[in-house]
Amino acid sequence: MIRLAAATVWLGMFSAALAQEKATWSLRDHQPLDKFVMQAHRGAGELSEENTLEAFELGWSLGCIPEADVRTTKDGVIVAFHDANFARVVKDVSPELAKQGVKDLTLDELRKLDVGSWKGTDFEGRQTPTMAEVFALMKKDPTRRLYLDWKDADLPQLAALAKKEGVERQVIFASTLYPKLREWKRLSPNSQTLLWMRGDDAKLEKRFEELRATDFADVTQLQIHVHLTKPADQVKRTDANPFEETDSFLIARGDELRRQGILYQTLPYGGASEAIYLKLLDLGFMSFATDHPNITWDAVKAYYSEQQD
């Protein structure tokens, strides 16, 4: 009887402590709102042209971590540019130039291209920046961080540049190639990393098997691209499996990554709405990459508010 009474008291104390904890934290609500990691895709998402100093400044002003895509010019300068050619982001580009890319031009030649006009008249005249210029903006403010999405750049050169500019701890190296990420970590051990991936449950599971074999070595963040199966305005928070990737798979991977101490991030494709982001938070995602920073932040703030009510 004494043991039973003691156990009952202990269980009551445990339940009370758990209830108190859940008042401000739940299984799917992972870190304080002021530390929530929001990656602004290619700088500031749809709010600006991409991969320019102006886009990165806007991303930082919105409380995001901008993403820069890194490539190398013909004369060996690392710059921020996403596409493999100029067909999409250089307005009125010639047929010959449309087939070329950053690797085919010198920095001086690249500077002559307007990479903002395609977005609208408000963005005319914007240029492709060097990563040295981007790092210089970060050096002025140690709270500024940046994702480096590797496209085509010499890793020792990029790591040396980040170290030279004193921003090694402010950058997060991103790639879908696990060996490339591990190589970066050896070159820049004080940087964080983001491994991103996409595919159906089976393909994603194969990627996770590769990581389990190394006990997720050198991965500090992991991003899964999810894809809507219907128009964004038709998605409800209560929908089961609104993405090509199943709810059960996404929840299980979130639990696994928590145990590894890895930030669980997603980038949804197919549209944006508050319901979509609330659904993803319910599934356990801890962070977002987004083309819609305002919509995403509104949803995150609403989620955290309801969790604390």
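Residues numbered from 1 in each chain as written. Predicted model: local features only at pLDDT ≥ 70, side-chain atom pairs only at ≥ 80, totals over all residues. Heavy atoms only, no water.

Looking at an unreviewed UniProt entry, one finds the chain named GP-PDE domain-containing protein, with Blastopirellula marina as its source organism.

Trainee: Lay out the overall build of the chain in plain terms, naming residues and giving numbers.
Mentor: Scanning the chain from N- to C-terminus turns up 11 helices and nine strands. Taken over 309 residues, the chain has a buried fraction of 50%. Of the contacts made within the chain by residues no fewer than 6 positions apart, 63% connect residues no fewer than 24 positions apart. Of the roughly 14700 Å² that the chain leaves accessible, carbon and sulfur atoms contribute 53%. (Helix = DSSP H or I, 4+ residues; strand = E, 2+ residues; numbered from the N terminus. Buried < 20%, exposed > 50% of the residue type's maximum accessible area, 1.4 Å probe, protein only. Contact = heavy atoms within 4.5 Å. Areas by Shrake-Rupley, 256 points an atom, 1.4 Å probe, with all protein chains shown as cover.)

Trainee: Let's hear about the side chain of Asp83: which residues, and what values?
Mentor: Among the structural elements, Asp83 can be located in the loop between strand S3 (78-80) and helix H3 (95-98). Residue classification places Asp83 among the buried residues on the basis of a relative accessible area of 12%. Of note is the side chain of Asp83, whose polar atom sits 2.6 Å from the side chain of His82. (Polar contact = N/O pair within 3.5 Å; in protein donor to acceptor, adjacent residues only side chain to side chain.)

Trainee: Lay out empty space enclosed by the protein in plain terms, naming residues and giving numbers.
Mentor: The rolling of a water-molecule-sized probe over the atoms marks out the regions of remaining empty space. All told, the structure shown has one cavity of 30 Å³ or more when counted by the stated rule. Of the volumes computed, that of the largest cavity is approximately 60 Å³. Every residue along the wall of the largest cavity is listed here: Glu50, Asn51, Ala80, Phe81, His82, Val89, Val115, Trp118 and Thr128. Looking at side-chain class alone, the lining of the largest cavity contains five nonpolar, three polar and one charged residues. (1 Å grid on protein atoms, 1.4 Å probe; cavity = no way out; pocket = protein on both sides within 12 Å on 5 of 7 lines; lining within 4 Å. Points joined across faces, edges and corners; volume = space filled by probe spheres on them. Nonpolar A, V, L, I, M, F, W, Y, C, P; charged D, E, K, R; others polar.)

Trainee: How would you explain the packing of aromatic side chains if you had to name every residue and give the values?
Mentor: Taken as a whole, this structure holds nine aromatic pairs when the rule is applied. Where Tyr277 meets Phe288, the ring centres are 4.9 Å apart and the plane angle is 75°; that geometry is what we call edge-to-face. Linking Tyr277 in helix H10 (residues 274-282) with Phe288 in strand S9 (residues 287-290), this pair joins segments that are 11 residues apart in sequence. By relative accessible area, which is 1% here, Tyr277 ends up buried. According to the relative accessible area criterion, Phe288 is buried, its value standing at 0%. Aromatic ring contacts, followed pair by pair, group Phe36, Tyr277, Phe288, Trp297, Tyr303 and Tyr304 into a single cluster. The aromatic ring of Phe208 is capped on one face by Arg253, whose charged end is 5.4 Å from the ring centroid. Arg253 extends its terminal NZ or CZ atom over the ring of Phe249, reaching a point 4.9 Å from the ring centre. (Phe/Tyr/Trp six-rings, centres within 6.5 Å; stacked < 30°, edge-to-face > 60°. Lys NZ or Arg CZ within 6 Å of the ring centre and 35° of its normal.)

Trainee: So what's going on with the environment of Lys35? Which residues, and what values?
Mentor: The topology assignment puts Lys35 in the loop between helix H1 (2-22) and strand S1 (38-40). Each C-alpha atom, one on Lys35 and one on Gly63, is 10.0 Å from the other, the two residues being 28 residues apart in sequence.

Trainee: Give a detailed account of unusual backbone geometry, specifying residues and quantitative values.
Mentor: Despite not being glycine, Asn51 shows a phi value in the positive range, around 55°. If you check the backbone angles, Phe216 has positive phi at about 60° while not being a glycine. Tracing the sequence through the fold places Phe216 in the loop between helix H8 (201-212) and strand S7 (221-227).

Trainee: Could you give an account of H10, with specific residues and numbers?
Mentor: Among the residues of H10, those classed as buried are Ile276, Tyr277, Leu278, Lys279, Leu280 and Leu281. Check the buried side of H10 and you find it contacts S7, helix H9 (247-260), strand S8 (263-269), S9 and helix H11 (293-308). Looking at the residues trailing H10, positive phi occurs at Gly284, about 110°.

Trainee: Can you lay out the pairing of S7 for me, pointing to particular residues and giving the numbers?
Mentor: Summarising burial for S7: six of the seven residues are buried, a large majority. Alignment of strand S6 (residues 192-197) against S7, held across four bridges, turns out to be parallel. For Met197, the partnering residue across the bridge sits in S7 and is Ile224. Once you follow S6 into H8 and on to S7, the crossover reads as right-handed. Summarising the sheet, S7 and S8 pair through seven bridges and their orientation is parallel. Within the sheet, the bridge partner assigned to His227 lies in S8 and is Tyr269. Crossover S7 to S8 through H9 is right-handed. (Pairing = 2+ DSSP bridges. Right-handed = clockwise from strand over helix to strand, strands pointing away.)

Trainee: Please provide a residue-by-residue account of the environment of Ala217, values included.
Mentor: Locating Ala217 in the fold gives a position in the loop between H8 and S7. For Ala217, a relative accessible area of 19% gives the class buried. In sequence terms Ala217 and Tyr178 are 39 residues apart; their C-alpha atoms lie 9.8 Å from each other. Excluding residues within four positions of it along the chain, Ala217 makes contact with Tyr178 and Arg182.

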